Amino acid sequence: MDQVRHVILVLSGKGGVGKSSVTTQLALSLHDSKVHSRPLKIGILDIDLTGPSIPRMFGKDVEQSRIRQSSAGWIPVYTDETKEIGLMSLGFLLPSKKDSVVWRGPKKAAMIRQFVSDVHWGELDYLIIDTPPGTGDEHLTIVESLLAETSDVRNGPIDGAVMVTTPQALATLDVQKEIDFCKKASIRILGIVENMSGFICPHCADCTNIFSSGGGQTLAEKYKIPFLGSVPIDPKFGEMIENQNSSTNLSKLYPETEMSKVFFPIVQNFFHQIYNNRSLELVAGLSGHDGRVWSVASHPVLPLFASGSQDKTVRIYNSDTLQLVHVIDGFHSRSVRRVAWRPVDRPILAVASFDGTISINEKIDDDWECTAALEGHENEVKCIAWSPGGNYLATCSRDKSVWIWETTEDDEFDCMAVLQEHTQDVKVVAWHPSEDLLVSGSYDDTICFWRDDGDDWALTCQLQGHQSTVWALAFSPSGSTLVSADNEGNIMLWTKTFSNESEAINNSTNILRPSLQEEWVRKATLPHVHQGAVYSLSWLNDKVLASAGSDGKIVVYESEQHDDNIWRVSIEKENAHDVYEINSIAWLGNDKLVSGGDDGESRIWHLD
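What you are looking at is a predicted structure, and each value in this text was computed from that prediction instead of being measured.

Engineer: Can you walk me through the layout of surface pockets in this structure?
Structural biologist: Here the second largest pocket is characterised by a volume of approximately 400 Å³. Forming the walls of the second largest pocket are 19 residues, and the residues nearest its centre are H6, N155, I274, Y275 and Q561. In terms of residue count, the dominant contributor to the lining of the second largest pocket is strand β35 (residues 554–560) (three residues). Structurally, the lining of the second largest pocket is a two-domain feature, drawing no fewer than three residues from each of domain 1 (4–275) and domain 2 (280–500 + 516–607).

Engineer: Can you help me understand the nonpolar core in this one?
Structural biologist: A general tendency of soluble globular proteins is for nonpolar side chains to be buried together. One finds L9, Y126, I142 and F270 to be the most contacted residues of the largest nonpolar core, which totals 98 residues. The element best represented in this core is helix α9 (residues 258–274), accounting for seven residues. Split by domain, the residues of this core number at least three in each of domain 1 (4–275) and domain 2 (280–500 + 516–607). Contacts of L9, omitting those with residues within four sequence positions, involve I129, I142, V143, L146, I158, G160, A161, V162 and I187. Among the nonpolar cores identified, the runner-up in size contains 32 residues, and C383, C448, W450 and W520 belong to it.

Engineer: Sorry if this is basic, but what is going on with the domain arrangement of the chain here?
Structural biologist: Buried accessible area, meaning the area lost when the parts come together, often serves as the stated size of an interface. Domain parsing of the chain yields domain 1 (4–275) and domain 2 (280–500 + 516–607). At the interface, 13 residues of domain 1 touch 13 residues of domain 2. For the pairing of domain 1 and domain 2, the buried interface totals around 1000 Å² over both sides, and the portion due to carbon and sulfur atoms is 48%. Of all residues in domain 1, the largest losses of buried area upon contact with domain 2 belong to V35, S37 and Y275, amounting jointly to 44% of the total for that side. Residues D563 and R5 are paired through a salt bridge, measuring 2.9 Å at the closest nitrogen-oxygen approach. On the surface where domain 1 and domain 2 come into contact, there are eight residue pairs in polar contact (both at pLDDT 80 or more). Residue composition of the side of domain 1 that touches domain 2, grouped by class: three nonpolar, four polar and six charged.

Engineer: Please explain the packing of aromatic side chains as it appears in this structure.
Structural biologist: The relative placement of two aromatic rings is captured by the distance of their centres and the angle of their planes. In the structure shown here, the tally under the stated rule is 17 aromatic pairs. Judged by centre distance (6.0 Å) and plane angle (70°), the ring pair of W74 and F115 falls under edge-to-face. Of this pair, W74 sits in strand β4 (residues 73–75) while F115 sits in helix α3 (residues 105–118); the two residues are 41 residues apart in sequence, bridging distant segments of the chain. A relative accessible area of 12% means that W74 is categorised as buried. Each ring, one from W294 and one from F354, has its centre 5.9 Å from the other, and the planes form 55°; the classification is tilted. Residue W294 is found in strand β13 (residues 293–298), and its partner F354 is found in the loop between β18 (348–353) and β19 (358–364); the two are separated by 60 residues along the sequence. Across the pair, F354 and W294 agree in class, each one buried. Site record: aromatic cluster; members linked through ring pairs are Y126, F270, F271 and Y275.

How each quantity is defined
- Residues numbered from 1 in each chain as written.
- Predicted model: local features only at pLDDT ≥ 70, side-chain atom pairs only at ≥ 80, totals over all residues.
- Heavy atoms only, no water.
- 1 Å grid on protein atoms, 1.4 Å probe; cavity = no way out; pocket = protein on both sides within 12 Å on 5 of 7 lines; lining within 4 Å.
- Points joined across faces, edges and corners; volume = space filled by probe spheres on them.
- Helix = DSSP H or I, 4+ residues; strand = E, 2+ residues; numbered from the N terminus.
- Domains from an automatic or database assignment.
- Core = buried A, V, L, I, M, F, W, Y, C linked by side-chain atoms within 4.5 Å.
- Buried < 20%, exposed > 50% of the residue type's maximum accessible area, 1.4 Å probe, protein only.
- Contact = heavy atoms within 4.5 Å.
- Buried area = accessible area lost by both parts, 1.4 Å probe.
- Salt bridge = Lys/Arg side-chain N within 4 Å of Asp/Glu carboxyl O.
- Polar contact = N/O pair within 3.5 Å; in protein donor to acceptor, adjacent residues only side chain to side chain.
- Nonpolar A, V, L, I, M, F, W, Y, C, P; charged D, E, K, R; others polar.
- Phe/Tyr/Trp six-rings, centres within 6.5 Å; stacked < 30°, edge-to-face > 60°.

What follows is the structure, given as C-alpha cells:
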C-alpha cells in the first residue's frame with residue numbers, strides 16, 4: 001500500500017444495484033483516462049468475500065488464475081500482459097469456483113486485513129475497493145485497516161467513497177444509511193452514481209426507463225453530495241462480459257464500446273472531486289489593436305506586459321491595473337510577430353517583425369525610444385528570446401537561420417553567431433532559465449540545442465520526436481524540463497540525462513552525437529486535447545503548464561503531486577477567444593494569464 005496514490009471505496013446500501021459493474025467500469029475508465037499523460041495503473045480489491053464478482057467481470061477463471069506468493073507479498077492477477085490493471089479477490093484463493101464462503105465476522109476481518117497488508121500492488125495510481133452491501137464488519141475492518149496504513153505518495157488513507165444506487169426509492173433509502181456510515185467514519189463522499197437508469201434497446205439503441213428515474217440525483221441534491229452521473233442497462237455490455245476470452249478481454253474491448261462513452265462524463269466529474277476542480281475565469285478583454293494579436297509577453301520583474309499585432313504596433317499595459325501605459329508605433333513596416341522583455345529591472349522590449357528587423361525599445365525618463373535596430377535576416381523574423389542574464393538575444397527567421405546577438409557595455413548589439421543547421425523555417429527559439437543553452441524549433445520537425453563551446457556556438461543535440469512543425473518551446477522555471485508543441489497538437493516533455501546512463505544510450509534522441517553529455521529524452525507526452533496546431537506554451541511553475549493554439553482552446557495541465565512524470569488536463573477552456581485562433585499566452589503572476597488572438601484582443605484570465 002505504500003506505493004498506492006489514491007484509495008477509493010465503492011459502496012451501496014443494498015445488494016443487486018450493480019456495484020461491481022460500476023467498480024469495473026470506473027476502473028476501466030480511469031485506466032483509459034483521456035486527461036492523463038499515460039494509462040493509469042489500477043488495482044481492484046474485492047472484499048465482498050461471500051459473493052466475489054470481480055473475477056467474473058474480467059473473464060478470469062478462478063481455477064486457472066491463481067494468486068502467487070512472492071517475497072514481497074501476494075501478487076495480484078492481472079487482466080493482460082501490460083500489468084496495468086491488477087485484481088485481488090478471495091475467488092482466486094478458493095479451491096473451486098463452486099465453493100461457498102461460510103465465515104463468521106472475525107475470519108472475514110482477518111482476511112481483509114491480510115488483503116490490505118500482504119498484497120504487493122507495486123506502483124498504483126488508484127486502488128478501487130469493491131465492498132459488499134450494507135455497513136457491516138467488512139466495512140469497519142477495511143476502514144480501520146486503511147487508517148493504519150501510511151504512505152508518502154498519498155495525502156490520506158482514503159480519498160473518498162463512490163455511492164451506487166438504482167433509481168427506485170428502496171435503493172436510495174439504503175444508500176442514505178451508507179451516507180450516514182461515511183459521516184460517522186469521516187469518509188469523504190465523492191459522489192453518487194445512479195446505475196440501471198434506463199434500458200438501452202439492443203436493436204434500436206433507444207433508452208427506456210424501465211424503473212423510475214432521477215432517484216440518485218434527487219438523493220444527491222437532498223444531502224448536497226455531487227451527482228456523478230447515470231448509467232443505463234446495456235445488454236451488449238453484459239454479452240461482452242460473458243463472451244470474454246484470452247484474446248478479447250474486457251480491458252481491451254471496453255474503450256471502444258458505447259458504455260465507455262456513457263461513463264466518460266462520470267469519470268470527468270469524479271476527477272473534479274479528486275482534484276478539487278479548478279477553473280479559468282475571464283477578468284477582462286483589452287482591445288485597441290486593429291489586427292490579430294500575434295504575441296503577448298510578461299515582464300519578468302516589473303508589472304508590465306506587452307502585446308504585438310498585425311497592425312504593426314505594440315501596446316504596453318500595467319499588469320496590476322490593466323491600464324494602457326504606452327503604444328509603440330511607426331518603426332516597423334509589417335506585422336509585429338513577437339515581443340520579448342529583457343530580464344533586467346528596467347523596461348527594455350525587443351520587437352520582431354515580418355519586415356525582417358528587430359527593434360530594441362526602452363523607456364528613458366518618461367518616454368519610450370527605439371535604441372537599436374537589428375538587421376541581417378533575409379526574411380520574416382518569427383521569434384526572439386533573451387538569455388537569462390539578458391546579455392544575449394536570439395532571433396530566428398523564415399530564412400532557416402538562428403542568430404545570436406550579444407549586448408555590449410553601451411547597450412549596442414554584435415552578432416556572435418549565425419546558426420544554419422535547420423533545413424526549413426525556424427519558428428521558435430527559447431533559452432534555458434539559468435544556463436546559456438538555446439533551443440530552436442523548425443518547420444523541419446526538429447528541435448536543436450545550442451551552446452557556446454568556447455570558440456563558437458555549436459549544435460550539441462537534435463531531437464526528432466515530432467512529425468510536424470515545432471511551433472512552441474519553453475523550459476520549466478527550474479530548467480529541468482523542456483516542453484515542445486507541434487502542428488498536430490502534440491505536446492511533449494523532455495528531460496536531460498547523461499550519455500553514461502543506460503537510459504540515454506538505449507533511448508537516445510540525440511541523432512548527432514549519442515556519446516555527448518547533452519542528452520535529452522522524452523519523459524511524457526501530454527494528453528492530446530488540441531484539435532490543430534499548438535502555437536504557444538507557458539509555465540506558471542514546474543507543476544502547472546498552459547497551452548493554446550489554432551482550435552481556440554486554452555488548456556491547463558498539472559502534474560501529479562507525488563509524480564511529476566504523470567500530467568493531467570486540469571482545465572480545457574474552449575472558445576477562449578470566441579471562434580478565433582489563439583496565437584500567444586503568458587502568465588502574469590498571481591495566477592493571471594494573458595492570451596492574444598486573431599480577434600485583436602488580449603484577454604486576461606484568472607486561475608481559480
